Amino acid sequence: MSSSTTVRTARRRGLRMAALALTAAAGLTLTACSGSDTADAKPAGRTDKAATAAESGGTGSSAGEKGSDAGAEVGTKSGTAKQPGSSPTANGGKAASPVRTQPLADGVSKAEITKVGAQHYRAKIVARGSVLATMEAKGQDDGLDANDMFVVLTSDGQVQSWMGGGHQGPGTFKIDGGWTVKVTKLGELHYRAQFFSESGDADDTVEANQHDVGFVANGVSIVLSAGGVISAHQ
């Protein structure tokens, strides 16, 4: 083989090796690019899922808040519906209006009587625009000694008032209704009244402790004050 042939053969082999090297390099480049794309695609996919989950979670949270608000709103309405007997002040924020106004025995004062609930009434004693006292009968009657004017408010909203007729205890007194009453002092602003029928039998006992008491018995209105004054009116 001549030297020129040997040179051409060496050149061809060099070209083939260069081509193979280029092909291998291209393959590696493609593989690297493909691997990079694949690697990038997976995190991108996870990021999308996380974003979707966050968006879904955000929507759920918003819906939960709306549901909570809706539940609170329904609960409020339900609570209102379940309390038809509650006072207008509790439900509507409006002050209750007096059921009626009744003049009292002194000719100056009046009672503004309000129904609070079943067997529950309140009476404000008002004179010349000023509230002098407040009475409340809840399940039982209430009484008041207002400067020798006696007032009884019953648990069904009736008001009785009269002037005078008071007896200052301690002592034993005869009062309207045929009773004999014994008033005993138990302490400061604390008195007890024992009621005896005409036959001498003990009928009842009441106490006024820091607060006047009153009641109606057999059609007779009776007040015992915390100061020991007792008065009855038939």
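Here the structure is shown first, and the text comes after it.
As a convention, each chain's residues are numbered from 1 in the sequence order in which they are written. It should be noted that, the model being predicted, local features are given only for residues of pLDDT at least 70 and side-chain atom pairs only at 80 or more, the latter also being counted only at that level, while totals for whole chains, interfaces and linings use all residues. Heavy atoms from the whole structure form the basis of all side-chain values; hydrogens and water molecules are not counted.

Q: Residue-level account of the overall build of the chain, with values.
A: Elements are defined by DSSP. Helices are runs of H or I of four residues or more, strands are runs of E of two residues or more, and each kind is numbered from the N terminus. Tallying secondary structure elements over the chain gives two helices and 15 strands in all. With a 1.4 Å probe rolled over the protein chains alone, any residue whose accessible area is under 20% of its type maximum counts as buried; one over 50% counts as exposed, and the rest are partly exposed. A total of 234 residues make up the chain; the buried ones form 26% of that total. For this analysis, residues touch if any pair of their heavy atoms sits within 4.5 Å. Once local pairs closer than 6 in sequence are excluded, the contacts in the chain between residues at least 24 apart make up 32%. When the accessible surface of the chain is summed, it comes to about 14,600 Å², and 54% of that surface belongs to carbon and sulfur atoms. For accessible areas, the Shrake-Rupley method is used with a probe of radius 1.4 Å. Any residue's cover is judged against the shown protein chains and nothing else.

Q: How would you sum up the environment of Ile230? Please name residues and give values.
A: Take Ile230: it is sitting in strand β15 (residues 229-233). Since its relative accessible area comes to 0%, Ile230 is described here as buried. As a C-alpha pair, Ile230 and Val213 span 17 residues in sequence and 9.7 Å in three-dimensional space. With sequence-adjacent residues up to four places away left out, Ile230 is seen in contact with Gly165, Gly166, His167, Phe173, Val181, Val183, Ala193, Phe195, Ile222, Val223 and Leu224.

Q: Let's hear about the packing of aromatic side chains: which residues, and what values?
A: In summary, the pairing rule links any two rings of Phe, Tyr or Trp, Trp by its six-membered ring, whose centres are within 6.5 Å, and it sorts them by plane angle into stacked for under 30 degrees, edge-to-face for over 60 and tilted for everything else. Scanning the entire structure with this criterion turns up three aromatic pairs. With a centroid separation of 6.2 Å and an interplanar angle of 75°, the aromatic rings of Trp179 and Phe195 are classed as edge-to-face. Here Trp179 is found in the loop between β9 (171-174) and β10 (180-187), whereas its partner Phe195 is found in strand β11 (residues 190-196), with 16 residues between them in sequence. Across the pair, Phe195 and Trp179 agree in class, each one buried. Following the ring pairs from residue to residue traces out a cluster consisting of Trp179, Phe195 and Phe215.

Q: Let's hear about unusual backbone geometry: which residues, and what values?
A: Backbone torsion omega between Gly169 and Pro170 reads 5°, so that peptide bond is classified as cis. You can see Pro170 is positioned in the loop between β8 (167-168) and β9. With phi around 55°, Asn147 is a residue other than glycine that occupies positive phi space. Tracing the sequence through the fold places Asn147 in the loop between β5 (142-146) and β6 (149-153).

Q: A description of the sheet that holds strand β12 (residues 202-209) should follow, citing residues and the corresponding values.
A: Any two strands between which DSSP finds at least two bridges are classified as paired. Read from one edge of the open sheet, four strands run β9-β10-β11-β12, paired in antiparallel fashion. Looking along the sheet, the strands with just one partner apiece sit at the ends: β9 and β12. Taking each pair of neighbouring strands and ignoring which way they run, the sheet shows an average axis angle of 20°. Sheet analysis places β11 next to β12, joined by seven bridges and oriented antiparallel. Bridge pairing in β12 links Tyr191 to Ala208. Each axis is a line fitted through C-alpha atoms, and for a helix only the stretch in contact is used; angles between axes span 0 to 180 degrees, taken between their N-to-C directions.

Q: Account for the pairing of β15, with residues named and values stated.
A: Among the five residues of β15, four are classified as buried, and the element is accordingly described as predominantly covered. Across two bridges, β8 lies against β15 in antiparallel orientation. Paired with Gln168 across the strands is Val229, a residue of β15. With four bridges connecting them, strand β14 (residues 220-224) and β15 associate as antiparallel partners. Note on β15: the bridge partner recorded for Leu224 is Ile230. From the end of β14 to the start of β15, which pair antiparallel, there are four residues, and Gly228 there has a positive phi angle of about 90°.

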